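Chain and residue survey
The residues making up each chain are set out below.
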Amino acid sequence: MSSFACHPPILLVEDSPVDVDLTMRAFTRRKLVNPVLVARDGEEALAWIPRWEAGELKPAVILLDLKLPRVDGLTVLRELKIHPGLQRIPVVILTTSKEDRDINGAYDLGANSYIVKPVDFEKFMHVAQQIELYWCVTNELPR
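Residues numbered from 1 in each chain as written. Predicted model: local features only at pLDDT ≥ 70, side-chain atom pairs only at ≥ 80, totals over all residues. Heavy atoms only, no water.

Along the chain, the position of isoleucine 103 falls in helix α6 (residues 100-108). Distance in space between the C-alpha atoms of isoleucine 103 and isoleucine 93 is 8.8 Å, their sequence separation being ten residues. If we ignore the near neighbours within four places in the chain, the residues touching isoleucine 103 are Lys98 and Tyr114. (Helix = DSSP H or I, 4+ residues; strand = E, 2+ residues; numbered from the N terminus. Contact = heavy atoms within 4.5 Å.)

Below is the structure:
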């Protein structure tokens, strides 16, 4: 049985190679069992929609940056939430923006959580641990 069958993936939507590396290192250090898929811009994230609609295993959670090239994070969130089969995928905004406009916009579009990225690795490790414990262990996903 594949790892995907027991542990749905996490989709990380992040354009910064440094932040992708930081996230992957934090999850590796935490020994996260869920596979992590990476979309490096909004277009790559949106390309998953037809795959999920065709039956590919949906992620346990989507970690979505807002400041993305090609298609911004709020547009990705809006597109995800208009698809009936995808509306229940938890979306955690993980971004550097503390702007009320971004926070309110994300929640208005159906974000499940909004986390401002910490800058230092130890703080980020704590955030990764909380994401893993809540979204991949504690949270009950719809079936």
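Continuing now.
Of the positions making up α6, those classed as buried are Asp102, Gly105 and Ala106. Mapping the buried residues of α6 onto a view down its axis gives an arc of 100°, with all of them on the same face. Every exposed residue of α6 that faces more than 90 degrees away from the buried side is listed here: Asp100 and Asp108. Buried-residue contacts for α6 involve α5 (73-82), β4 (91-95) and β5 (113-116). The positive-phi residue at the C-terminal boundary of α6 is glycine 110, with phi of around 105°. (Buried < 20%, exposed > 50% of the residue type's maximum accessible area, 1.4 Å probe, protein only. Arc of directions from axis to C-beta.)

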